[in-house]
Amino acid sequence: MPPAGVGLRLEDMFCEYFEARVCRSCPLMGVPYSQQVRDKERASRRALISLDRPSSRRNPAQPPAAKSQFDWLPTYRSPQKEFRNKAKMVVSGSKKSIVLGLAPTKDHPAGVDLQACPLYVPAIRAAFAPIRAWLQRLGARPYNIATAKGEVKYVLVSANPEGELMVRLVLRSKAALHRIENTWSELQAELPHLRVFSVNIQPEHTTVIEGREEIILSSERYIPMPGIGTDLWLAPGAFFQTNTAASQAMYTQAATWARELQPETAWDLYCGVGGFAFALSSAGVAQVTGVEVVGPAIDGAKHAVTKLESATATVPVEPSNKNDGTPNIPSAAPRPHFITADATKWATNQKLVPPDLVVVNPPRRGLGPDLSSWLERSGIPHLIYSSCFQETLVEDLRRMRSYQIRAAKLVDMFPHTSHVESVVLMSKAD
């Protein structure tokens, strides 16, 4: 396939994968982007407007507070290429001929190498060749899914806008760990922007990519990612949105709503590395508590707090290029507080006075009946729901009948797929 950007349309750059139907992450490649956005907007409107109807004819429960009359804010349109800040690559092929990309199939028994994928940011595409060459020198056998034999399962790469990299190897065992410890500096020499390097051990034959044991070999444990008010710090095993600019759009929208609502207290449930929590603090929320069950994510969030507190002078309240014009958090301002806990158990067991605002950013499965029902009973006046799957968003909102949608914004986090991120502001109907 020709190199990206050589006088070709985006769909032409990926025609080989698109026509062969092997690029499962880009099923809409070739569909005009404006049409992709219109289709997502129509589907989203239908999904949310359906909330005004009873969920069942046999059980015509009282529908939620009217949710069809609200402001649809302009959709955030993503760049159509070079927006993916992470790559999760299956390692296939042989010890002397490594393939990094999609797993082998009947039609593609050697796998599909994704080095030329135009969706990855340039720093990730540039890392393919050095990583492949180093793995071939390492001599560890790629894991064979069909036979459950071999050692190297995945290579996971993340990049920030400055081109700094985090590289993680997922291995079946520690058999090759000593060789990796002795030679990974060779990879660092070829990738001077490699900041974090780690090995994850996943002994199970499962679709779950990562195991519980993470061995960090680099002296640095985090790479900085853009946030609102401060940098966010990403550690191995922590989640960060795939599309950096789109994540900024979500955090900015939450900060805008917080400035309008002026809450004194807020919770950020499923807070990850703290993106929404720091955005709320930048908007003037005095007390923000972030809750996340993934330890490395909370470690990064606390590291960001430490970085802020170590500043000896107040950060000038001026627009900066990193946070899209939103003022930084003054160093003397209150910092978010972060807790490692299951969001549902933590919230439903609280004896504290509920906050003025709750932000929820759950995984694809949604909040579930326990947390959404608790929120309905809680009396919390305002709720911001960030969702990556509208089916579970609608299920959760049906359980929160007393909340009325005030505004919604679509964020096209995943161009060339049918998926879209939704950010919804709700308030108690009374």
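Shown above is the structure to which this text applies.
Counting of residues starts from 1 at the beginning of each chain's written sequence and follows it residue by residue. Selection of residues for local features in this predicted model requires a pLDDT of at least 70, selection of side-chain atom pairs for listing and counting requires 80 or more, and totals for whole chains, interfaces and linings are taken over all residues. Side-chain descriptors were evaluated using all non-hydrogen atoms of the structure, hydrogens and water having been removed beforehand.

### Re the pattern of salt bridges
Here is step 1: Whenever a carboxyl oxygen of Asp or Glu lies within 4 Å of a side-chain nitrogen of Lys or Arg, that contact is scored as a salt bridge. Enumeration over the complete set of coordinates arrives at 13 salt bridges.
Here is step 2: With its nearest N and O atoms 2.4 Å apart, the salt bridge here joins D39 to R42. With a gap of three residues between them, D39 and R42 both fall in helix α3 (residues 33-49), about one helical turn apart.
Here is step 3: We call a residue buried when its accessible area falls under 20% of the maximum for its residue type, exposed when it is over 50%, and partly exposed in between, using a 1.4 Å probe and counting protein chains only. When its relative accessible area of 43% is taken as the criterion, R42 is described as partly exposed.
Here is step 4: Measuring nitrogen to oxygen at the nearest pair gives 2.7 Å for the salt bridge that ties E213 to K174. Placement of the pair is E213 in strand β8 (residues 213-216) and K174 in the loop between β6 (165-171) and α5 (177-190), with a sequence separation of 39 residues. For helices the rule is a DSSP run of H or I covering at least 4 residues; for strands it is a run of E covering at least 2, with both sets numbered from the N terminus onward.

### Comments concerning helix α4 (residues 122-138)
Here is step 1: The length a helix should cover is 1.5 Å for every residue beyond the first. A rise of 1.5 Å per residue sets the reference length of α4, with its 17 residues, at 24 Å; its end C-alpha atoms lie 25 Å apart and thus fit the reference within 8%.
Here is step 2: Axes are fitted to the seven residues ending at a residue and to the seven starting at it; the angle between these axes is taken as the bend at that residue. The largest bend along α4 measures about 30 degrees and falls at F128, with the proline P130 one to four residues further on.
Here is step 3: Along α4, the positions that sit buried rather than exposed are A123, I124, R125, A127, F128, P130, I131, R132, W134, L135 and L138.
Here is step 4: In the stretch just after α4, G139 is the one whose phi turns positive, near 80 degrees.

### Topic: the nonpolar core
Here is step 1: We call a set of buried Ala, Val, Leu, Ile, Met, Phe, Trp, Tyr and Cys residues a nonpolar core when their side-chain atoms join them within 4.5 Å. Of all hydrophobic cores here, the largest spans 49 residues; its most connected members are L234, L280, F338 and I384.
Here is step 2: Counting residues per element, this core draws most heavily on helix α6 (residues 244-261), at nine residues.
Here is step 3: The contact criterion used is simple: two residues touch if any of their non-hydrogen atoms lie within 4.5 Å. The contacts of L234, once residues within four sequence positions are left out, are S158, M166, R221, Y222, I223, M225, F239, F240 and V273.
Here is step 4: C26, A140, V155 and L177 belong to the second largest nonpolar core, which has 43 residues in total.

### Describing the side chain of T344
Here is step 1: Looking at the secondary structure, you find T344 in helix α9 (residues 343-348).
Here is step 2: T344 sits in the buried class, given a relative accessible area of 16%.

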